Amino acid sequence: MEAAEALTLLMSPQGRVDPYPTYERLRAHGPVVQALPGLYVVTGYPEADELLRDPRLGVLDDALRDQVWPNWRQSPAITSIARSMLRTNPPDHSRMRRLAAGAFSPRRIAGMRDVVRAQAEELLDAMACRASDGKPVDVLADFAYPLPVGVICALLGVPTQDRPLFRRWAGDLTGVLEPEITTAELAVADAGAAELRDYFVELIAARRRAPADDLTTALVQVHDADGDRLTGAELLANLVVLLVAGFETTTNLLGNGLVVLLRHPEAAATLRANPGLAPEYVEELLRYDSPVQLTTRTSTAPVRCGGLDLPAGSTTLLLLGAANRDPRRFSDPQRFDPTRDQAHPLSFGAGPHYCLGAGLARLEAQLAFPLLLRRLPELALAGTPRHRTRLTLRGYESLPVMLGTPAVADRGTPAGALGNTP
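Read on for an overview of the structure. Note that the structure is a prediction, hence the values are computed from the model and not measured.

### A short note on the overall build of the protein
- Per the secondary structure count, the protein includes 19 helices and twelve strands.
- Here the protein has a C-alpha radius of gyration of 21 Å; the compact-globule value for 422 residues is 22 Å, and the two agree.
- Here the C-alpha coordinates of the protein stretch approximately 60 × 55 × 40 Å along the principal axes.
- Taking as baseline every contact in the protein between residues at least 6 positions apart, the subset at least 24 positions apart corresponds to 73%.

### Quick look at the sheet that holds strand β8 (residues 315-319)
- Read from one edge to the other, the open sheet built from five strands follows the order β1-β2-β8-β5-β3, with strand pairing classed as mixed. Here the strands that pair on one side only, and so sit at the sheet edges, are β1 (32-36) and β3 (57-58).
- Here two bridges tie β3 to strand β5 (residues 294-299), and the two strands are oriented antiparallel to one another. Across the sheet, G58 pairs through a bridge with T298, a residue of β5.
- Contacting β1, β2 (39-42) and β8, helix α1 (residues 3-11) runs over the sheet at an angle of about 80° to β1.
- Sitting on the sheet, helix α4 (residues 45-53) touches β1, β2, β3, β5 and β8, and the angle it makes with β8 is about 130°.

### Some details on the packing of aromatic side chains
- A full pass over the atoms with the stated rule returns nine aromatic pairs.
- Here Y199 and F200 contribute two aromatic rings whose centre-to-centre distance is 5.7 Å and whose plane-to-plane angle is 90°, an arrangement assigned as edge-to-face.
- Here Y199 falls in the buried class, since its relative accessible area comes to 11%.
- With a relative accessible area of 0%, F200 lands in the buried category.
- Relative to F336, the ring of Y288 lies with its centre 5.7 Å away and its plane at 70°, an arrangement referred to as edge-to-face. Of this pair, Y288 sits in helix α17 (residues 278-288) while F336 sits in the loop between α18 (320-323) and α19 (358-375), placing them 48 residues apart in sequence. Side by side, Y288 and F336 carry an identical accessibility label, which is buried.
- A connected cluster of aromatic rings, assembled from ring pairs, spans F166, W169, Y199 and F200.
- Directly above the aromatic system of Y20 lies the positively charged group of R325, at a separation of 3.8 Å from the ring centroid.

### A look at the environment of P31
- Note on placement: P31 falls in the loop between α3 (20-27) and β1.
- What P31 contacts, discounting residues up to four positions off in sequence, is V41, V42, T43, G44, E47 and R328.

### Considerations on empty space enclosed by the protein
- Tallied over the entire structure, the rule returns one cavity of 30 Å³ or more.
- Roughly 30 Å³ of volume is contained in the largest cavity.
- Taken together, M85, M96, L99, A100, L219, L230 and N238 make up the lining of the largest cavity.
- The biggest single contributor to the lining of the largest cavity is helix α7 (residues 92-101), with three residues.
- Grouping the amino acids of the lining of the largest cavity by side-chain chemistry returns six nonpolar, one polar and no charged.

### Brief notes about the side chain of E284
- For E284, the position within the fold is in helix α17.
- Given a relative accessible area of 1%, E284 falls into the buried group.
- Looking at E284, its side chain comes within polar contact range of the side chain of R340, at 3.0 Å.

### Some thoughts on the nonpolar core
- Core analysis: the biggest nonpolar cluster contains 115 residues, and F143 and F166 have the highest contact counts within it.
- Setting aside its immediate chain neighbours within four residues, F143 contacts A120, L123, L124, M127, P148, A368 and L372.
- Core analysis: the second largest hydrophobic core is formed by 17 residues, Y20, L26, A35 and L319 among them.

### Describing the environment of W72
- Following the sequence through the fold, W72 ends up in the loop between α5 (62-68) and α6 (76-82).
- What makes W72 buried here is its relative accessible area of 1%.
- Taking the C-alpha atoms as reference, W72 lies 30 Å from Y145; in sequence the two are 73 residues apart.
- Setting aside its immediate chain neighbours within four residues, W72 contacts D62, R65, D66, I78, T79, A82 and R83.
- A polar contact of 2.6 Å, which involves the side chain of W72, links it to the side chain of D66.

### Concerning the packing of helix α15 (residues 232-262) against α17
- Two elements in contact, α15 and α17, have axes separated by 10 Å at closest approach and are oriented at 100°. The orientation of α15 with respect to α17, classified from their angle, is roughly perpendicular. When α15 is examined against α17, the residues L253, G257, V260 and L261 are found in contact with a partner set consisting of Y281, L285, L286 and Y288.
- Class assignment for the residues of the contact of α15 with α17 results in seven nonpolar, one polar and no charged.

### Side note on the side chain of Q119
- Relative to the helices and strands, Q119 resides in helix α9 (residues 113-130).
- On the basis of relative accessibility, which here comes to 18%, the residue Q119 falls in the buried class.
- When near neighbours in sequence (up to four residues on either side) are disregarded, Q119 contacts L147, G150 and V151.

Thresholds, definitions, all that
- Residues numbered from 1 in each chain as written.
- Predicted model: local features only at pLDDT ≥ 70, side-chain atom pairs only at ≥ 80, totals over all residues.
- Heavy atoms only, no water.
- Helix = DSSP H or I, 4+ residues; strand = E, 2+ residues; numbered from the N terminus.
- Rg over C-alpha atoms; globule rule 2.2 N^0.38 Å.
- Contact = heavy atoms within 4.5 Å.
- Pairing = 2+ DSSP bridges.
- Axes fitted to C-alpha atoms, helices over the stretch in contact; angles between N-to-C directions.
- Phe/Tyr/Trp six-rings, centres within 6.5 Å; stacked < 30°, edge-to-face > 60°.
- Buried < 20%, exposed > 50% of the residue type's maximum accessible area, 1.4 Å probe, protein only.
- Lys NZ or Arg CZ within 6 Å of the ring centre and 35° of its normal.
- 1 Å grid on protein atoms, 1.4 Å probe; cavity = no way out; pocket = protein on both sides within 12 Å on 5 of 7 lines; lining within 4 Å.
- Points joined across faces, edges and corners; volume = space filled by probe spheres on them.
- Nonpolar A, V, L, I, M, F, W, Y, C, P; charged D, E, K, R; others polar.
- Polar contact = N/O pair within 3.5 Å; in protein donor to acceptor, adjacent residues only side chain to side chain.
- Core = buried A, V, L, I, M, F, W, Y, C linked by side-chain atoms within 4.5 Å.
- Parallel < 35°, antiparallel > 145°, perpendicular 65-115°, else oblique.

What follows is the structure, given as C-alpha cells:
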C-alpha cells in the first residue's frame, strides 16, 4: 500500500478506530515517509523523539494558520487552542508555561496523593452502590471521567457542582485537535469552546471579586498585574486548555488501560497482588495504547531525519502511537508486557511541549488501577467496548462493566504501597 493511500485509510473512520494496522503499513515505507507534497509522516521512535526536541520544528503559527483556515480568528475552538501554550512557540510558549508550571511541580503532585486516593475510593463506593442490582455500570462516566476532572477542577478552583458540565463541552472542543475536521465538526467544536469560554469569563470575574488559593486566581493576578506577561486572550485560552487537557487524556488513559488489563487477566492478577508495580504498568499501558496518538510540527528550517530531507515550511505528522510500537525500540511491540525495562513511551510528547500534567496523570493512573482491581476483583467487560472515531485523543465512547461482588475496602493500606510518584 502506498504511503498516501495508507494515510487516507488512517484518517477514515475505520482507521481512526483501530489505527495500529495502518501504522504498520506506513512503517513499511521507513521511519519517516513523505506521504503527500510537503507532508511527512513519522512512525519511528528515535526519529519522533528527535523531531519533538528539535528547535527547528514548532507548532503551527498564525501565518501558516491563515493559509490553512483563513477565517480561524472567528472560530472559538481554534482560537482557544491557538492562544494557549498548547499551540504557541517560544518565547510565548515558554512564558505561558512558566506561569502554570508551579501547580504541576513534582512536590505539588506528591502532596496530592492522599487526596487523589480518597477521591478514587469515594467514586468506587458510589459505583458499587449503583451496581448493587447486578446491572452494568459505565466505568467511564462513574470513575474514569469524574476522578481526573475532580482533580484538575480542584487545582483550577472550579466549584464541585459545576464539574458535570465539562465532559460534553470538552468532548466537542477537542474535535479541533484532529488532523482533519469537517465544517459540521468544527461547528460542534466551536459550540463547546464558546460554552467553556463563557464559563471561564464568569469564573475569572468571580476570582477578581474573591481571590482563592487556586491556579485560576494566580493566573488572573498575573494578568491584572502585567498584561504583557499574560494577555486576556491567553488567560482565557490557557484556562480552557488546562481544564480540557487536565482530564481528557487521563480519562482515556484510565479507560484504555482498564480494557487492556481486563483482556490480560494474568497481568491484572499480578498488579492486584502487587500494587507497587503500578508505575511499570502505567508506562506500559501508555506505550501499548496511548491516549494521545499524534501531534504535528512545522519546520522553520531544513531538517534531515530518517534519511529524508524535510524542507522548511513542511509539515510533519508524528504518530506517537506508532513510535510507541517501533520494533527497533521495543521487542515484540504488539505484546502487552509490563515487565519491559525502561519503556519511556512518547505518549506525553518530548521536548518543549512535553505535557505539563504528565506527572499528575501518572499519579492518578498509578493509584486508580490497583484500587479498581483490588476493590472490584470480579470486574469484567459487559460486551465489546466501542471506540470514539477520534485519532488524536484515543478513547472509548462508553465502557460498560459488570462489578461482581466488590471486596471490602482496605482503608488502612498505606498510600505509598500503591507506587511512587514519578
